[in-house]
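# Observations on the model geometry
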Amino acid sequence: EAWEYRLAIRGETIARGTARPDRLLAIGGALEGIDDAVPTTDPVFGAPAAWILPTSRWRAELTGATVSDTPTILITHTADIARKYAWRMLSREVVKQMVEQVRAQHPTVVQELIPDTLSLGEIQQVLQHLLREQVSIRDLPTILEALSDRARRRKDIAGLVEAARHALGGQIVEPFVRDGHLAAIVLDQQTVEAQLHELLTGVDPDAIPPVDPETTQRLWTGIRAALQQANYPKQRPVLLCGTAIRFSLARLLERVFPALPVLAFTECMSTVASVDTLAVVHWPP
């Protein structure tokens, strides 16, 4: 018998799923030959899957399927949602506790920054933006130092986020590098990047990117075509762009391409031996 569950943050339903305690979930493999298989979708990655009886587990695994029981499914789905939405759960009180831990080891860093240069709320916003793009905030002393240096000149949140990312450097890029190589798709410099630069430069980077719906749809179509050319999802490239548009472009794409990391070329310089360009994003005809 199937039953549904939901995962919520502060009362808002973020995700739903179906579980069958009497069956196992088989993901991948060639399950067509298993008579008791009930087609479904993996709740975490959206991949084709099937509910199978426990007695069919060995047959499913022989075809290359990954088989999980209900507790494992629930734990995996919950952990995935917690990772994706950690930025929404980062309260000001938690940020205060984190800053106090840094103060104990690096008092000068905190003293220079809070409260005269930045407020706790502004630091919270920066950390939330970093988490929103799956950037670890464990190295908080480095982040706070970068914010202190940047905030002396400008205090816009987008600029502070990019300063923190620059300071973290290779820590951001490293998860996507394989043997010194970074698989990427890039924007066509003469058309796509040039037009986005014109649209996004000089506007408030903290606001919704001011790109008209037609241009937005063309961009999404171009990126979908590039990902298909790059053999996604077998290959999982990042999207590389110029530093000036990275923040706004990430905001523009996060709803439609939540799993596509948007990195600036400058973030890759110290870590990547070679960028393997799998596809170029063009405006669709």
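This write-up is about the structure you can find in this document.

Moving on, we get to the overall build of the chain. Secondary structure summary: the chain contains 12 helices and 11 strands in total. Overall size of the chain, expressed as C-alpha extent along the three principal axes, is 65 × 50 × 40 Å. Counting only residues that meet the buried cut, the chain has 45% of its 285 residues in that class. The averaged location of the 34 negative side-chain charges in the chain is 3 Å from the averaged location of its 29 positive side-chain charges.

It is worth spelling out the layout of surface pockets at this point. Reported here for the largest pocket is a volume of approximately 1900 Å³. Looking at the lining of the largest pocket residue by residue, the class counts come to 29 nonpolar, six polar and 15 charged.

Burial of strand β9 (residues 238-241) is two-sided: the residues Val-238 and Leu-240 facing one way and the residues Leu-239 and Cys-241 facing the other way are all buried. Where strand β8 (residues 181-187) meets β9, three bridges bridge the pair, whose relative direction is parallel. In the strand pairing of β9, Ala-184 is matched with Val-238. One ladder, built from three bridges, connects β9 with strand β10 (residues 262-264); its direction is parallel. Following the sheet pairing, Leu-239 is matched in β10 by Val-262. Handedness of the crossover joining β9 and β10 through helix α12 (residues 243-253): right-handed.

The subject of this paragraph is helix α4 (residues 92-105). Its 14 residues give α4 an end-to-end C-alpha distance of 21 Å, which sits within 8% of 20 Å, the value for a rise of 1.5 Å per residue. Three or more residues of α4 are buried, namely Val-95, Met-98, Val-99 and Val-102. The buried residues of α4 occupy an angular sector of 100 degrees when projected down its axis, which confines them to one face. Pointing more than 90 degrees away from the buried face of α4 are the exposed residues Gln-101 and Ala-104. Its buried side turned inward, α4 meets α5 (107-113), α6 (120-132) and α7 (140-151).

For the rest of this paragraph, the subject is the pattern of salt bridges. All told, the structure shown has 17 salt bridges when counted by the stated rule. For Arg-20, the salt bridge is made with Asp-22, and the minimal N-O distance between the two is 3.9 Å. With relative accessibility at 17%, the residue Arg-20 sits in the buried group. Take Asp-22: its relative accessible area is 35%, and that puts it in the partly exposed class. Residues Arg-150 and Asp-156 are paired through a salt bridge, measuring 2.9 Å at the closest nitrogen-oxygen approach. It is possible to trace a salt-bridge network through shared partners that takes in Arg-132, Glu-133, Glu-162, Arg-165, Arg-246, Arg-251, Glu-254 and Glu-267.

What counts, and where the lines are drawn
Every chain is numbered on its own, with residues counted from 1 as its sequence reads. Local features are withheld for residues below a pLDDT of 70 in this predicted model, meaning they are given only at 70 or higher, and side-chain atom pairs are given and counted only at 80 or more; totals for whole chains, interfaces and linings count all residues. Note: side-chain values were computed over all heavy atoms of the structure, leaving out hydrogens and water. Comment: elements are numbered from the N terminus, with helices defined as DSSP H or I runs of at least four residues and strands as E runs of at least two. The buried label applies to any residue whose accessible area, calculated with a 1.4 Å probe on protein chains only, is under 20% of its type's maximum; exposed applies above 50%, and partly exposed to all values in between. Residues scored as positive are Lys and Arg, those scored as negative are Asp and Glu, and His as well as the terminal groups of each chain are ignored. The location of each charge is read from NZ of Lys, CZ of Arg, CG of Asp or CD of Glu. Cavities and pockets were defined on a 1 Å grid built from protein atoms only: a cavity is a group of points that admits a 1.4 Å probe but offers it no way out, a pocket is an open group of points flanked by protein on both sides within 12 Å along at least five of seven lines, and a lining residue is one with an atom within 4 Å of any such point. Grid points are joined across faces, edges and corners, and a volume is the space filled by probe spheres set on the points. Under the convention adopted here, Pro, Cys and the residues Ala, Val, Leu, Ile, Met, Phe, Trp and Tyr are nonpolar, Asp, Glu, Lys and Arg are charged, and Gly plus all remaining residues are polar. A strand pair is defined by DSSP finding two or more bridges across the two strands. With its strands directed away from the observer, a crossover is right-handed exactly when the path from the first strand over the helix to the second travels clockwise. Each residue after the first adds 1.5 Å to the expected span of a helix. For this quantity, the arc is that covered by the directions from the helix axis to the C-beta atoms. We call two residues contacting when some pair of their heavy atoms lies within 4.5 Å. Definition used for salt bridges: Asp or Glu carboxyl oxygen within 4 Å of a side-chain nitrogen of Lys or Arg.

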